[in-house]
Amino acid sequence: MNTKPLIKHGWLRALAIIIPWFFTYGIFSLLAVFALGGNPFSEKQINLGDSGMLVMQLFGLLGTVFIIWIFRKFIDNKPFYTLGFLKKDLWKDIILGLFVGFIMIAIGFYILQSFGQIDYKINTINYTKIVSGLVLFIIVAINEEILFRGYLLNNFMDSVPKYWALLITAVLFGAMHLGNANIDAIGFSNIIIAGLFLGISYIYTKSLWFPIALHFSWNFFQGTIFGYAVSGNDTYAIIKQSRTADTIWNGGAFGFEASVTALIMLVLFTVIIGKYYSKDTV
């Protein structure tokens, strides 16, 4: 049985999937619109709502899984689970990822509130919307992590030094968010750093459990709990937040991810997490 990849160079395998992924993701998004009873070719804009957004994200995830499975089986000649679904330290990594995401957002919120950068009040509790946000951000985390860390970073690491592979995929991760509403230079830079943050454990462990849990926790607590816009997208939140003014410290309309506060925390925690996971490889 031939276990050699069909395409020899990992960097080429990583680049080769990008256009097919966009195409497949688009096809599955069209299927989602049809499933919701809409017409994607109509000029009339579709009002998705929370349930519709969940369906769109779920179909997008199915599209991502499908194209990566095709590439993993027929191009890479490796099992799908080798993307990073290893059993070693599964719950330890998940719990740590959930905690780190929560503590970063909570600290950032406390700092900004203490310095008068934001105001807040407790919103009317809507359990359906909370559960919807939870499921949505789980889907988003899995979708983006199996693509950027599981497939792209994994394959780039086969061809180039791991830190270069990490930087390349972080830049690609940032580029994917360039179309988000209200993104600016700080927001774009921070998302690249977030790509480093999400991938730093993977270059040592090749496990996706920590980055998936961290990605989910960062988005869920940022949006559904503490009321920030998540990468420029507003969601229901338990804490209804308002800004006293749009500044570089609170991130303005794009949210916490476009703030200097987030930049400082992302750099600090990237170093901490990198040191934590690198100690096991020494």
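Given the structure is predicted, the values throughout are model-derived calculations rather than measurements.

Reading the values: rules and limits
- Counting of residues starts from 1 at the beginning of each chain's written sequence and follows it residue by residue.
- Selection of residues for local features in this predicted model requires a pLDDT of at least 70, selection of side-chain atom pairs for listing and counting requires 80 or more, and totals for whole chains, interfaces and linings are taken over all residues.
- Side-chain calculation: all heavy atoms of the structure are included, whereas hydrogens and water are not.
- Here a strand is any run of E in DSSP of at least two residues, a helix any run of H or I of at least four, and the numbering for each starts at the N terminus.
- We compute the radius of gyration from the C-alpha atoms alone; for a globule the expected value is 2.2 Å times N to the 0.38, where N is the number of residues.
- Accessible areas in this description were obtained via Shrake-Rupley with a 1.4 Å probe; residue shielding takes into account the shown protein chains only.
- Two residue types count as positive, namely Lys and Arg, and two as negative, namely Asp and Glu; His and chain ends fall outside the count.
- Where a charge lies is defined by one atom per residue type: Lys uses NZ, Arg uses CZ, Asp uses CG and Glu uses CD.
- Under this scheme, a helix contributes an axis fitted over its contacting stretch, all axes are lines through C-alpha atoms, and angles between N-to-C directions fall in the 0 to 180 degree range.
- Comment on the angle field: the value is read as roughly parallel under 35 degrees, roughly antiparallel over 145, roughly perpendicular from 65 to 115, and oblique elsewhere.
- Two helices cross in a left-handed way if the nearer one is turned anticlockwise from the farther one by less than a right angle. They cross in a right-handed way if the turn is clockwise.
- Between two residues, a contact is recorded if the distance between any of their heavy atoms is within 4.5 Å.
- Gly is put with the polar residues, along with every residue not named as nonpolar or charged; the nonpolar set is Ala, Val, Leu, Ile, Met, Phe, Trp, Tyr, Cys and Pro, and the charged set is Asp, Glu, Lys and Arg.
- Here the expected length of a helix is defined as 1.5 Å per residue gap, with one fewer gap than residues.
- The buried label goes to any residue with under 20% of its type's maximum accessible area, the exposed label to any with over 50%, and the partly exposed label to all in between, with areas taken from a 1.4 Å probe on protein chains only.
- A pair of Phe, Tyr and Trp rings is counted when the ring centres sit within 6.5 Å of each other, with Trp represented by its six-membered ring. The angle between the planes then sorts it: under 30 degrees is stacked, over 60 is edge-to-face, the rest tilted.
- Geometrically, a lysine NZ or arginine CZ counts as sitting over a ring once it is within 6 Å of the ring centre and also within 35 degrees of the ring normal.
- Grouping buried Ala, Val, Leu, Ile, Met, Phe, Trp, Tyr and Cys residues that are joined through side-chain atoms within 4.5 Å yields what is termed a nonpolar core.

1. A short note on the overall build of the protein chain
Tallying secondary structure elements over the protein chain gives ten helices and two strands in all. Going from N to C terminus, the protein chain has its helices and strands arranged as α-α-α-α-β-α-α-α-α-α-β-α. What you see for the protein chain is a C-alpha radius of gyration of 19 Å, in line with the 19 Å of a compact globule of 282 residues. C-alpha atoms of the protein chain, sized along the principal axes, occupy 60 × 55 × 35 Å. In the structure as shown, the protein chain presents an accessible area of about 14100 Å², 68% of it carried by carbon and sulfur atoms. Positive and negative side-chain charges of the protein chain, numbering 19 and 14 respectively, have mean locations separated by a distance of 10 Å.

2. A short note on the packing of helix 7 (residues 185-199) against helix 10 (residues 260-278)
For the pair helix 7 and helix 10, interaxial distance at closest approach is 9 Å and the crossing angle is 15 degrees. In terms of orientation, helix 7 and helix 10 fall into the roughly parallel class. The handedness of the crossing between helix 7 and helix 10 is left-handed. Contact with helix 7, carried on its side by Ile186, Asn190, Ile193, Ala194, Leu196 and Phe197, involves Val260, Ala262, Leu263, Leu266, Val267, Phe269, Thr270 and Ile273 of helix 10 and no other residues of that element. A breakdown of the residues in the contact of helix 7 with helix 10 according to their chemical character gives twelve nonpolar, two polar and no charged.

3. Regarding helix 6 (residues 162-176)
Compared with the 21 Å implied by 1.5 Å per residue over 15 residues, the 21 Å span of helix 6 between its first and last C-alpha is a close match. All buried positions along helix 6 are accounted for by Ala165, Leu166, Thr169, Ala170, Phe173 and Gly174. Contacts made by the buried residues of helix 6 are with helix 5 (127-156), helix 7, helix 8 (202-205) and helix 9 (209-225).

4. Some remarks on the environment of Gly84
Considering the arrangement of structural elements, one finds Gly84 in the loop between helix 3 (49-76) and helix 4 (90-114). Taking the C-alpha atoms as reference points, Gly84 and Trp218, 134 residues apart in sequence, are found 20 Å from one another. Among residues more than four places away in sequence, those in contact with Gly84 are Tyr202, Lys206, Ser207, Leu208 and Trp209.

5. Quick notes on the side chain of Gln117
Looking at the secondary structure, you find Gln117 in the loop between helix 4 and strand 1 (118-122). Here Gln117 falls in the buried class, since its relative accessible area comes to 16%. Residues in contact with Gln117, not counting those within four places in the same chain, are Leu112, Arg243, Thr244, Ala245, Thr247, Trp249 and Asn250.

6. Digging into unusual backbone geometry
One non-glycine residue, Asn77, lies in positive phi territory at about 60 degrees. Along the chain, Asn77 falls in the loop between helix 3 and helix 4. By relative accessible area, Asn77 is classed as partly exposed at 29%. Residue Ser231 is not a glycine yet carries a positive backbone phi of 50 degrees. Its place among the elements puts Ser231 in the loop between helix 9 and strand 2 (239-243). For Ser231, a relative accessible area of 9% puts it in the buried group.

7. Some points on the packing of aromatic side chains
Scanning the model with the defined rule gives 18 aromatic pairs in all. When the centroid spacing of 6.2 Å and the interplanar angle of 90 degrees are considered together, the rings of Phe71 and Tyr151 count as edge-to-face. Remark: Tyr151 occurs in helix 5 and Phe71 occurs in helix 3; sequence separation between them is 80 residues. Taking the relative accessible area as the measure of exposure, Tyr151 reaches 0% and is therefore buried. Taking 5.0 Å as the distance between ring centres and 65 degrees as the angle between the ring planes, the aromatic pair formed by Phe102 and Phe221 counts as edge-to-face. Of the two residues, Phe102 is situated in helix 4 and Phe221 in helix 9; the sequence distance between them amounts to 119 residues. Taken together, Phe109, Tyr120, Trp218, Phe226, Tyr228 and Phe256 form an aromatic cluster joined through their ring pairs. A cation sits over an aromatic face here: Arg149 above Phe173, 4.6 Å from the ring centre. Sitting over the face of the ring of Tyr276, Lys279 holds its NZ or CZ atom 3.7 Å from the ring centroid.

8. Section: the nonpolar core
In terms of nonpolar packing, the biggest core is built from 64 residues, with Ile68, Met104, Phe197, Phe226, Tyr228 and Phe256 touching the most fellow members. Elements with a minimum of two residues in this core: helix 3, helix 4, helix 5, helix 6, helix 7, helix 8, helix 9 and helix 10. When residues of this core are assigned to their parent elements, the largest contribution, eleven residues, is made by helix 5. The contact partners of Phe197, leaving out residues within four places of it in the chain, are Val100, Met104, Leu214, Leu266, Phe269, Thr270 and Ile273.

Coordinates in, geometry out; function isn't part of it.
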